Amino acid sequence: MPDRLERVGVFAGAAPTDAPGVFAGMSGLNRFFMKLARSAPWLSTLNTRFVASVVRRNPGRYIDLMQRKVHAVDRAVLRAPGMRDMLVADFAEALRGGGQGMVDDMAANHGRPWGFALDRIKMPV
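Going along each chain's sequence as written, the residues are numbered from 1 onward. Local features in this predicted model are restricted to residues whose pLDDT is 70 or higher, and side-chain atom pairs enter the listing and the counts only when it is 80 or higher, whereas totals over whole chains, interfaces and linings include all residues. In computing side-chain properties, one takes all heavy atoms of the structure into account and sets aside hydrogens as well as water.

### Brief notes about the overall build of the protein chain
Moving on, step 1. Check the secondary structure of the protein chain and you find 6 helices and 0 strands.
Moving on, step 2. In DSSP terms, a helix is any run of H or I states spanning at least four residues, a strand is any run of E spanning at least two, and both are numbered starting from the N terminus. The N-to-C order of helical and strand elements in the protein chain reads α-α-α-α-α-α.
Moving on, step 3. For the C-alpha atoms alone, the extent of the protein chain along its principal axes is close to 45 × 35 × 30 Å.
Moving on, step 4. Summary of the burial criterion: residues with accessible area below 20% of their type's maximum are buried, those above 50% are exposed, and those between are partly exposed, where the area comes from a 1.4 Å probe applied to protein chains only. A total of 125 residues make up the protein chain; the buried ones form 22% of that total.

### Notes on the side chain of Thr 48
Moving on, step 1. By secondary structure assignment, the location of Thr 48 is in helix α2 (residues 41-57).
Moving on, step 2. Any two residues whose heavy atoms approach within 4.5 Å at even a single point are treated as in contact. With residues up to four places along the chain from it excluded, the contact list for Thr 48 reads Met 102, Val 103 and Met 106.

### Quick look at a nonpolar patch on the surface
Moving on, step 1. There is a patch of nonpolar side chains on the surface, built from Val 10, Trp 114, Phe 116, Leu 118, Ile 121 and Val 125 and spanning about 560 Å² of accessible area.
Moving on, step 2. With respect to the helices and strands, Val 125 occurs in the segment after α6 (100-110). To count toward a patch, a residue needs a relative accessible area above 30% and no salt bridge. Like charges then connect within 9 Å, nonpolar side chains (Val, Leu, Ile, Met, Phe, Trp, Tyr) within 5 Å. For the area figures, the Shrake-Rupley method with a 1.4 Å probe applies, and any residue is considered shielded solely by the protein chains shown. Here a salt bridge means any side-chain nitrogen of Lys or Arg lying within 4 Å of a carboxyl oxygen belonging to Asp or Glu.

### Details of α6
Moving on, step 1. Of all the positions in α6, only Val 103, Met 106 and His 110 are classed as buried. Projected down its long axis, α6 carries its buried residues within an arc of 80°, all on one side.
Moving on, step 2. For α6, the elements touching its buried residues are α1 (28-39) and α2. What the arc describes is the spread of directions from the helix axis to the C-beta atoms.

### Description of the environment of Leu 36
Moving on, step 1. Mapped onto the fold, Leu 36 is located in helix α1.
Moving on, step 2. Taking the relative accessible area as the measure of exposure, Leu 36 reaches 10% and is therefore buried.
Moving on, step 3. Along the backbone, Leu 36 and Gly 111 are 75 residues apart, and their C-alpha atoms lie at a distance of 7.9 Å.
Moving on, step 4. Leu 36 has contacts with Pro 41, Leu 43 and Ser 44, leaving out every residue within four places of it along the chain.

### Some points on the packing of aromatic side chains
Moving on, step 1. Each pair of aromatic rings taken from Phe, Tyr and Trp, with Trp reduced to its six-membered ring, is defined by centres within 6.5 Å and is described as stacked if the planes are under 30 degrees apart, edge-to-face if over 60, and tilted in the remaining cases. The tally for this structure, following the rule as stated, stands at 2 aromatic pairs.
Moving on, step 2. Each ring, one from Tyr 62 and one from Phe 91, has its centre 5.5 Å from the other, and the planes form 80°; the classification is edge-to-face. Within this pair, whereas Tyr 62 is found in helix α3 (residues 59-66), its partner Phe 91 is found in helix α5 (residues 83-94), the two being separated by 29 residues in sequence.
Moving on, step 3. Judged by relative accessible area, which is 22%, Phe 91 ranks as partly exposed.
Moving on, step 4. Seen from the ring of Phe 23, Lys 35 lies directly overhead, with NZ or CZ sitting 5.0 Å from the centre. For a Lys NZ or an Arg CZ to count as sitting over a ring, it must be within 6 Å of the ring centre and within 35 degrees of the ring normal.

### Looking at the pattern of salt bridges
Moving on, step 1. Counted under the stated rule, the structure contains 2 salt bridges.
Moving on, step 2. Note that Asp 64 is salt-bridged to Arg 84, the shortest N-O span being 2.9 Å. Placement of the pair is Asp 64 in helix α3 and Arg 84 in helix α5, with a sequence separation of 20 residues.
Moving on, step 3. When its relative accessible area of 32% is taken as the criterion, Asp 64 is described as partly exposed.
Moving on, step 4. For the salt bridge of Glu 93 with Arg 96, the shortest nitrogen-to-oxygen distance reads 2.6 Å.

Here is the structure:
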(Lines give C-alpha, C1' and ligand atoms only; values in the text may rest on other atoms or scores of the structure.)
Protein backbone atom coordinates (compact mmCIF):
# COMPACT_ATOMS: atom_id res chain seq x y z
CA MET A 1 0.00 0.00 0.00
CA PRO A 2 2.63 2.56 -1.03
CA ASP A 3 -0.06 5.15 -1.70
CA ARG A 4 -1.02 5.13 2.01
CA LEU A 5 2.37 4.99 3.75
CA GLU A 6 5.12 7.57 4.08
CA ARG A 7 7.56 5.58 6.20
CA VAL A 8 7.79 2.38 8.22
CA GLY A 9 9.15 1.75 11.71
CA VAL A 10 10.04 -1.72 12.95
CA PHE A 11 10.87 -2.74 16.50
CA ALA A 12 11.91 -6.34 17.22
CA GLY A 13 10.46 -7.42 13.88
CA ALA A 14 10.70 -10.82 12.31
CA ALA A 15 12.17 -11.43 8.89
CA PRO A 16 10.25 -13.33 6.23
CA THR A 17 11.16 -17.00 6.54
CA ASP A 18 11.90 -17.19 2.82
CA ALA A 19 14.46 -14.33 2.96
CA PRO A 20 18.04 -15.31 2.10
CA GLY A 21 20.10 -16.07 5.21
CA VAL A 22 17.15 -15.80 7.59
CA PHE A 23 18.26 -18.88 9.54
CA ALA A 24 21.93 -17.85 9.86
CA GLY A 25 23.00 -17.86 13.50
CA MET A 26 19.69 -19.34 14.66
CA SER A 27 19.66 -22.36 16.94
CA GLY A 28 18.77 -25.69 15.36
CA LEU A 29 15.68 -25.93 17.55
CA ASN A 30 14.38 -22.53 16.44
CA ARG A 31 15.10 -23.38 12.79
CA PHE A 32 13.14 -26.60 13.21
CA PHE A 33 10.06 -24.89 14.65
CA MET A 34 10.10 -22.08 12.10
CA LYS A 35 10.25 -24.60 9.27
CA LEU A 36 7.54 -26.67 10.95
CA ALA A 37 5.21 -23.66 10.87
CA ARG A 38 5.53 -23.59 7.10
CA SER A 39 5.52 -27.30 6.31
CA ALA A 40 3.02 -28.60 8.89
CA PRO A 41 0.96 -25.68 10.20
CA TRP A 42 -1.46 -27.93 12.09
CA LEU A 43 1.42 -29.53 14.01
CA SER A 44 3.01 -26.14 14.62
CA THR A 45 -0.31 -24.91 16.04
CA LEU A 46 -0.47 -27.86 18.47
CA ASN A 47 3.11 -27.23 19.55
CA THR A 48 2.56 -23.49 19.97
CA ARG A 49 -0.57 -24.09 22.06
CA PHE A 50 1.45 -26.43 24.29
CA VAL A 51 4.31 -23.92 24.64
CA ALA A 52 1.83 -21.14 25.41
CA SER A 53 0.26 -23.22 28.18
CA VAL A 54 3.69 -23.95 29.69
CA VAL A 55 4.73 -20.29 29.51
CA ARG A 56 1.40 -19.16 30.92
CA ARG A 57 1.80 -21.39 33.99
CA ASN A 58 5.40 -20.35 34.69
CA PRO A 59 6.88 -17.62 32.49
CA GLY A 60 10.05 -17.41 34.62
CA ARG A 61 10.86 -21.06 34.05
CA TYR A 62 10.32 -20.61 30.31
CA ILE A 63 12.77 -17.71 30.21
CA ASP A 64 15.32 -19.81 32.09
CA LEU A 65 14.91 -22.62 29.53
CA MET A 66 14.88 -20.18 26.62
CA GLN A 67 18.42 -19.05 27.49
CA ARG A 68 19.71 -22.46 26.41
CA LYS A 69 18.50 -22.08 22.83
CA VAL A 70 19.14 -18.44 21.98
CA HIS A 71 22.21 -16.83 20.46
CA ALA A 72 24.99 -15.65 22.80
CA VAL A 73 24.06 -12.03 22.07
CA ASP A 74 20.51 -12.69 23.27
CA ARG A 75 21.79 -14.50 26.37
CA ALA A 76 23.81 -11.42 27.26
CA VAL A 77 20.69 -9.25 26.96
CA LEU A 78 18.74 -11.69 29.13
CA ARG A 79 21.39 -11.29 31.85
CA ALA A 80 20.99 -7.50 31.94
CA PRO A 81 19.62 -6.21 35.27
CA GLY A 82 15.84 -6.20 35.31
CA MET A 83 15.48 -7.90 31.91
CA ARG A 84 14.28 -11.26 33.24
CA ASP A 85 11.66 -9.62 35.48
CA MET A 86 10.44 -7.46 32.61
CA LEU A 87 10.12 -10.49 30.32
CA VAL A 88 8.29 -12.50 32.97
CA ALA A 89 5.76 -9.67 33.30
CA ASP A 90 5.52 -9.30 29.50
CA PHE A 91 4.91 -13.03 28.92
CA ALA A 92 2.38 -13.18 31.75
CA GLU A 93 0.45 -10.24 30.26
CA ALA A 94 0.70 -11.48 26.67
CA LEU A 95 -0.74 -14.87 27.64
CA ARG A 96 -3.21 -13.70 30.29
CA GLY A 97 -6.15 -14.34 27.95
CA GLY A 98 -4.78 -17.61 26.55
CA GLY A 99 -2.37 -18.67 23.83
CA GLN A 100 -4.31 -17.92 20.64
CA GLY A 101 -2.33 -14.73 19.99
CA MET A 102 0.91 -16.69 20.15
CA VAL A 103 -0.53 -19.25 17.73
CA ASP A 104 -1.64 -16.49 15.34
CA ASP A 105 1.76 -14.76 15.51
CA MET A 106 3.59 -18.00 14.72
CA ALA A 107 1.34 -18.66 11.74
CA ALA A 108 1.59 -15.10 10.41
CA ASN A 109 5.31 -14.56 11.00
CA HIS A 110 6.68 -17.99 10.20
CA GLY A 111 4.00 -20.04 8.53
CA ARG A 112 3.63 -18.35 5.18
CA PRO A 113 5.47 -16.01 2.84
CA TRP A 114 4.71 -12.32 3.24
CA GLY A 115 3.55 -11.95 -0.36
CA PHE A 116 6.01 -9.25 -1.43
CA ALA A 117 9.74 -8.81 -1.83
CA LEU A 118 11.39 -6.57 0.75
CA ASP A 119 13.26 -4.68 -1.96
CA ARG A 120 9.91 -3.38 -3.25
CA ILE A 121 9.63 -1.14 -0.18
CA LYS A 122 10.70 2.29 -1.42
CA MET A 123 9.88 4.49 1.59
CA PRO A 124 12.22 5.01 4.57
CA VAL A 125 12.25 2.08 6.98
